[in-house]
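Spelled out, the chains give:
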Amino acid sequence: MAIRVSAEEAGLGRERSGGRRPAGLVLACAIVLLAVAAGLAAPWLTPNSPLDQDLLAINQGPSTDFPLGTDHLGRDVFARLLYGARSTLGISVAGTAIAFAIGAGLALLALAFGRWPAMLLFAAIDLVRALPGTLLALLLIVGLGSGPGPLIVALGVSFTPLVAYVTRATYLRETARDYVQAATSFCGGRLHILRRHILPNIAGALVTQAAIILPRCIVTESVLSFLGVGSSPDAPTWGRMIADSSRFVERAPHAILVPLVALVLLTLSLSAIGNHLRRRLDPVRDGAGDPAGMDEAEPAEPARSPLATA
Amino acid sequence: MRPILEIADLDIAIAGRRVVRDLSLSIAPGETMALIGESGSGKSMTAAAVMGLLPRGARIAEHSRLRFDGVPLSPEDEVAMRPLRGRAMSMVFQDPMSCLNPFMVVAGQIDEALQRLGAGNGGQRRARMLELLGLVELPDPAVLARRYPHELSGGQQQRVMLAMALAAEPRLLIADEPTSALDATVQAEILGLLKSLQRKLGNALLFITHDLAAAAQLAHRIVVMRAGRVVEYGPAAVVLGDPREEYTRKLVSTRRMLAAPPPGRPEARAVDPALRIEGLVHDYPARRLFGRPFRSLHGVSLTIAPGETLGILGESGSGKSTLARLAIGLARSGAGEIALFGTSIAQRARLDRALRRRCQIIFQNPYGALNPRLTIEAAMREPLELLGLSGRDDRVRIEAALVDVGLGGEHLARYPHQLSGGQRQRVCIARALLSDPELLICDEIVSALDATVQMQVIAMLKALQAKRGFAMMFVGHDIEIVRWVSDRIAVMHRGRIVEQGPAAAIVTAPQAPYTQMLMAATLGSVAWPVPAGTSKGCDFECPIPGIEPMSGGGANARSLRPIKDEDVLSHATAAAVDGEDAA
Amino acid sequence: MTRIVAVLASLLRGLLQAALIVMLTFFLCRVMPGDVVDVLGLEGGLTAEQQAAMRHSLGLDRPLPLQFADWVGHALTGDFGRSIRFDRPVGEMLGAALPVTAKLAALSFCLGVALALLLAIAATARPSRWLDAAIDLVNTWSIAVPTFCAGVAAILVFSIWLGWLPVIGGLLVPVLVVGLDNAGQIVKPLGEELREAVLLPHVRTARAKGLSPWRTAFAHVLPAAMPVVLALSGLVLGGLVAGSLTMEVLFALPGLGSLTLNAIHGRDYPIILAAVTLIAVALVAINTIVDMLHRLIDPRVS
């Protein structure tokens, strides 16, 4: 008898966990904003260029000229950190956007317009799925050549299967609902149903997925940089800074620690935000708390039927 | 006699919310006690507390006292409860499919229960297992024992659960809604089995149900619960025959109203039928590459005249919901003819607006039929806009439609989760009626609702039909409700219509063997106590002005006999226990 | 019968996947800017005529589909060709590199799954804030800290600051780093799954039968959670490949990853192709095994 309403109700639970914001979340948002600000305002924050080499001052510790010291080629670590924020975020956000454009956009259109387009699309995605994302991105860069463009495309494509699967799962969950059937029975077209009923209900899941994929994009980019096929030397990301300095750990630990700490803090903050969003917006797994078969608890607002009192 | 189970002042709270309050009852050895309530009444929690199977986070108040055969129980002490479970008391649950371990064959699961009793070596245990399977009247125990649960039918699964529970010949058996997940015919079998087993083994039975008919059939005494409290308590015949409390009266009259004939129906006009279906075939596509498609409808034919109500009666999997969706063009048929108001739609991919306006569908699950992110007003505006009926007075019309179903303007700004199940279903009905359809398809629209709410909703629907004169296809599995609503009934079984005809004739004089079985299952079991001389009618008042409240008490097609108290407990003891508790 | 057909179908799909991956790799290798002759030409100062002659002798000037068909024909007989740079049989080079990677991957996989299972089971049996925090920590670590960063940090802390371990050599640090990463990827869903499995109706039935907690856990809870454990272990493989790749480069292990990466930088097609083929086939094989195990455990899956 008990009907699973918890999912729907939890989905709109505006009161739940609201009000008091956890301190960790505020900190995470602050860190992300700081990184964005650093990337945008880099030219105003430091007079040094991230690329100028000063071979007379390599592996130096912090000084007034170089607030965070220099690396093995005498480049200013602080300037590289600031400009690195720009390229790190730029490349990852663009990569995530491509993953969603293909994975979510294309998948939704294919799903909304009949069986065959969706079947073809997912058959293709299914075949690529066996290859781990990093390896796929690596091979794509090999084929497309190096540079920011191919890197972004490779990152985007390597995360496409994940986005497509999540999109399909949430789409199918929504189309099975009776309100979609009801809209069909009112003569609602595919686009109307997609726009009015499905998109608002899967938007939460997609936003959450984006927040989960963005940090993973950053991590994958850094791995690719480390493997020597990532960002180009003239627009170094934090991943590339770590990779470049990793052979000089002994002589200049600060040159590697600075980008490493920055990278970890950023991914941590982003994933904390993602987790928070998942709890708030995508309560798929949250309904599991109800013990099965037990009586439905009293509704918060007692169901006063007008008939009983009429 | 010392009661086998005694509960005093049971209080259970989950996260600070009290789900059971001040519950006291006692069960004598060999007695059957029915705990009746709708969802949320706390009846399952009470059972779980007795077994010590309360979910995490549920707390029993300090002052609550539970005694089993005179010995105090401490349900929150896992170590103390374990020796009792499966020995002195055992339990069967609602949904046998999920309550059996899907990874283990039947023999293994029963053997586990026997092993724990230390019942001899392998050979002896096997013999005992086969004996138990025979005891629950399963045919061919040796073959069944090797099967996995998913290879059994629902009824067989529940029998296996029973065999497991009875392995130790417990003195108390708790049955938590043991039949509500099963089909009507199977329900009757399981209830009969419970009764005969009890006679054979002499165990006490705590029977938890929302089904008054089942309780009437099985129980000596009845406890009616609502919102965690006991509403009424006493011998079955007394509680059901002459309820004192208003809530119980409402529950009982719900069923009694079903026994009464519905209000008169409008004259059928002899014109084009609203819906004509001929030789309809439907296949579900194969799930995997080399699978075979599943044929859900094998050539179904029927017609619905304007203003008429055709009931489609069938158990789960009979294809009745598929039929409903096909009839309104929400799915494509394989072969056959569907004509809506004379227009053939079988081969059409989409229906046009003009046709859509004339026929509407209401779904089973009112939680799913409304988009959780749209307010009631937005949800109701949708059909107006899509069907091209939108105008200046939209809001007025929507409000009027809500008033028609007993809601009002104050509900416009609410979201679906702020309404109760019955209210949501009313919104769905109001929405479907906005375009003033001539045919309304109701797909199990009340089966997700509680009994009292069910009756309110169908009474309202019938009243609206009387006022507006639309035809209805009323799909359902509850014989009494379908009968009450319908003028004619078509009985479906495995994708075929096995019988159709006037509602009264189908119920009282079924011709097809399947229909006979179905009716026997229900009518045989419903021993509805109607004390002689009572002329209490339906307690429901109709929400729509201008329509007479339904009346008519015991006069009905069915011969209702009072409950026969042929078992152990005499009325005297029951009354004594009752008086003791009431004091 | 249906079971055999289903297994065959999943095997067929796996082979199709592997074939597609190999094809993709082949064409990606060939469209990449600059080929092996360019690279060798830069290093050895070859003239344009010499380069053309070399391309001809390697068969690189023939149409791509022909080259591919050739390669497949040879590969099916077990002949993966010779490395263009090192002029050694590719099979021999892979044979030398494979054990290193296999050892690293297998050890990290076992460590990861064992750690995740341990944490998840402990958190289910004895719910506590500390265990939940530990699970969160491991999970966040694997999301936020790329394996190579962890490796670099380990080198920095242990061998440079503390002077405990030699910077290079030994599988201990790579296995720890990749294992922790693997554990973090699966520990959270695993914990959630176990917590749900404990609440399943059939587990309640087992408790109502009065079975002991051990019996309930092993006969009723664990089988229910097994399909998810299997699916998750399959998922870990992706992380395992990426992890081994970086660890081999960072710790200079002569495994499959370093070999492939060097081949990519040197445009040594036969090695890239053979290595990717090997990885793809291994992944597909493991996925198929996982699928078959799932069918074996759960009688409901036909």
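Residues numbered from 1 in each chain as written. Chains lettered and ligands numbered in written order. Predicted model: local features only at pLDDT ≥ 70, side-chain atom pairs only at ≥ 80, totals over all residues. Heavy atoms only, no water.

- Per an unreviewed UniProt entry, chain C goes by the name Peptide/nickel transport system permease protein and belongs to Bosea thiooxidans.
- Turning to chain C, the UniProt record has this under Sequence similarities (unreviewed entry): "Belongs to the binding-protein-dependent transport system permease family."
- We quote the UniProt Subcellular location (unreviewed entry) comment for chain C here in full: "Cell membrane". (UniProt positions renumbered as here; feature names shortened; annotations may be inferred.)

- Chain A appears in an unreviewed UniProt entry as ABC-type dipeptide/oligopeptide/nickel transport system, permease component from Bosea thiooxidans.
- Its UniProt record gives chain A the following Sequence similarities (unreviewed entry) comment, quoted word for word: "Belongs to the binding-protein-dependent transport system permease family."
- UniProt annotates chain A under Subcellular location (unreviewed entry) with the comment "Cell membrane".

Things to note about the pairing of strand β18 (residues 439-443) of chain B
Residues in a regular strand point their side chains to alternate faces of the sheet.
All names here are of chain B.
And step 1. By the criterion of burial, β18 is predominantly enclosed, with 5 of the 5 residues buried.
And step 2. Residues L439, I441 and D443 point to one face of β18 and L440 and C442 to the other, with burial holding for every one of them.
And step 3. Of the strand pairs in this sheet, strand β17 (residues 359-362) and β18 are connected by 4 bridges, and their pairing is parallel. Bridge pairing links C359 to L439 in β18.
And step 4. Sheet analysis places β18 next to strand β19 (residues 471-476), joined by 5 bridges and oriented parallel. Bridging across to β19, L439 finds its partner in A471.
And step 5. Once you follow β18 into helix α17 (residues 451-468) and on to β19, the crossover reads as right-handed. (Buried < 20%, exposed > 50% of the residue type's maximum accessible area, 1.4 Å probe, protein only. Helix = DSSP H or I, 4+ residues; strand = E, 2+ residues; numbered from the N terminus. Pairing = 2+ DSSP bridges. Right-handed = clockwise from strand over helix to strand, strands pointing away.)

Description of the side chain of A:H254
Residue and element names in this part refer to chain A.
And step 1. Take H254: it is sitting in helix α11 (residues 253-281).
And step 2. Of the residues examined, H254 reaches a relative accessible area of 18% and is grouped as buried.
And step 3. Setting aside residues no more than four positions away along its own chain, H254 makes contact with N59, Q60, G61, L68, G69, T70, V77 and P259. (Contact = heavy atoms within 4.5 Å.)

Some remarks on the packing of helix α10 (residues 238-245) of chain A against α11(A)
Residues and elements named next belong to chain A.
And step 1. Remark: α10 packs on α11, axes separated minimally by 9 Å, with the N-to-C direction vectors making an angle of 145°. The way α10 lies across α11 gives a crossing that is left-handed. Facing α10, whose interface residues are W238, M241, I242 and S245, α11 presents A255, I256, P259, L260, A262, L263 and L266.
And step 2. Split into classes, the residues belonging to the contact of α10 with α11 amount to 10 nonpolar, 1 polar and no charged. (Axes fitted to C-alpha atoms, helices over the stretch in contact; angles between N-to-C directions. Left-handed = near helix turned anticlockwise from the far one by under 90°. Nonpolar A, V, L, I, M, F, W, Y, C, P; charged D, E, K, R; others polar.)

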